[in-house]
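Residue-level structural notes
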Amino acid sequence: GKATAKGLAKARKACAKGLAACDRVVACEGLSVFRERFRAAATQLDAVVAPPAPAPKKKKPKQPEPPRKIDAAPSAPAPPPRPASVITTADVRAAGGVAPKKSDWNSKDTWEER
């Protein structure tokens, strides 16, 4: 990827923190190697020039849209037709036939239950 000014600043800060950590450590095997790596990285970062940040795009002011013509409101659905007479319990029983016996609906007729 391309180097950005923000990325280079973060890398420089990390190198500075690494060098500061090397200065704080009293004794560590290979400490001089780490210090040289941080110094080499810092000099390479100093050689890199960050490209200028792109100019922010100017946005055109938004023109207000003309008011839209509103269509006529849809008509409400017609309510379901009401029956001429009120349905009674006797009507329901007569329409359904004879009520089932308990032995009809309480039987174990599935293979899992046998």
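Above this text you will find the structure in question.
Below: a short report on this structure.

Examining the overall build of the protein chain
- Each helix and strand counted, the protein chain has four helices and zero strands in total.
- Across the protein chain, helices and strands are ordered from the amino to the carboxyl terminus as α-α-α-α.
- When each of the 114 residues of the protein chain is scored for burial, the buried share is 6%.
- Of the roughly 11,500 Å² of accessible surface on the protein chain, a fraction of 60% belongs to carbon and sulfur atoms.

Considering the pattern of salt bridges
- Under the criterion given, the structure shown has three salt bridges.
- Between Asp-46 and Arg-12 there is a salt bridge, and its shortest N-O distance comes to 3.6 Å. Taken together, the positions of Asp-46 in helix 2 (residues 31-47) and Arg-12 in helix 1 (residues 5-24) put the pair 34 residues apart, joining distant regions of the chain.
- Note on Asp-46: relative accessible area 55%, which makes it exposed.
- Judged by its relative accessible area of 34%, Arg-12 is partly exposed.
- Here Asp-23 and Arg-35 are joined by a salt bridge, their closest N and O atoms 3.7 Å apart. Pair noted here: Asp-23 is in helix 1 and Arg-35 is in helix 2, with a separation of 12 residues, a long-range link.
- We classify Asp-23 as exposed; its relative accessible area is 58%.

A closer look at helix 2
- Taking 1.5 Å of rise per residue, the 17 residues of helix 2 would be expected to cover 24 Å, and the 25 Å separating its terminal C-alpha atoms lies within 8% of that figure.
- Along helix 2, the positions that sit buried rather than exposed are Leu-31, Arg-35 and Leu-45. Along the axis of helix 2, the buried residues cluster in a sector spanning 90 degrees; they form a single face. Residues of helix 2 that are exposed and point over 90 degrees away from its buried face: Arg-37, Thr-43, Gln-44 and Ala-47.
- In the core, the buried residues of helix 2 are packed alongside helix 1.

Parameters and conventions
Residues numbered from 1 in each chain as written. Predicted model: local features only at pLDDT ≥ 70, side-chain atom pairs only at ≥ 80, totals over all residues. Heavy atoms only, no water. Helix = DSSP H or I, 4+ residues; strand = E, 2+ residues; numbered from the N terminus. Buried < 20%, exposed > 50% of the residue type's maximum accessible area, 1.4 Å probe, protein only. Areas by Shrake-Rupley, 256 points an atom, 1.4 Å probe, with all protein chains shown as cover. Salt bridge = Lys/Arg side-chain N within 4 Å of Asp/Glu carboxyl O. Expected span 1.5 Å × (residues − 1). Arc of directions from axis to C-beta. Contact = heavy atoms within 4.5 Å.

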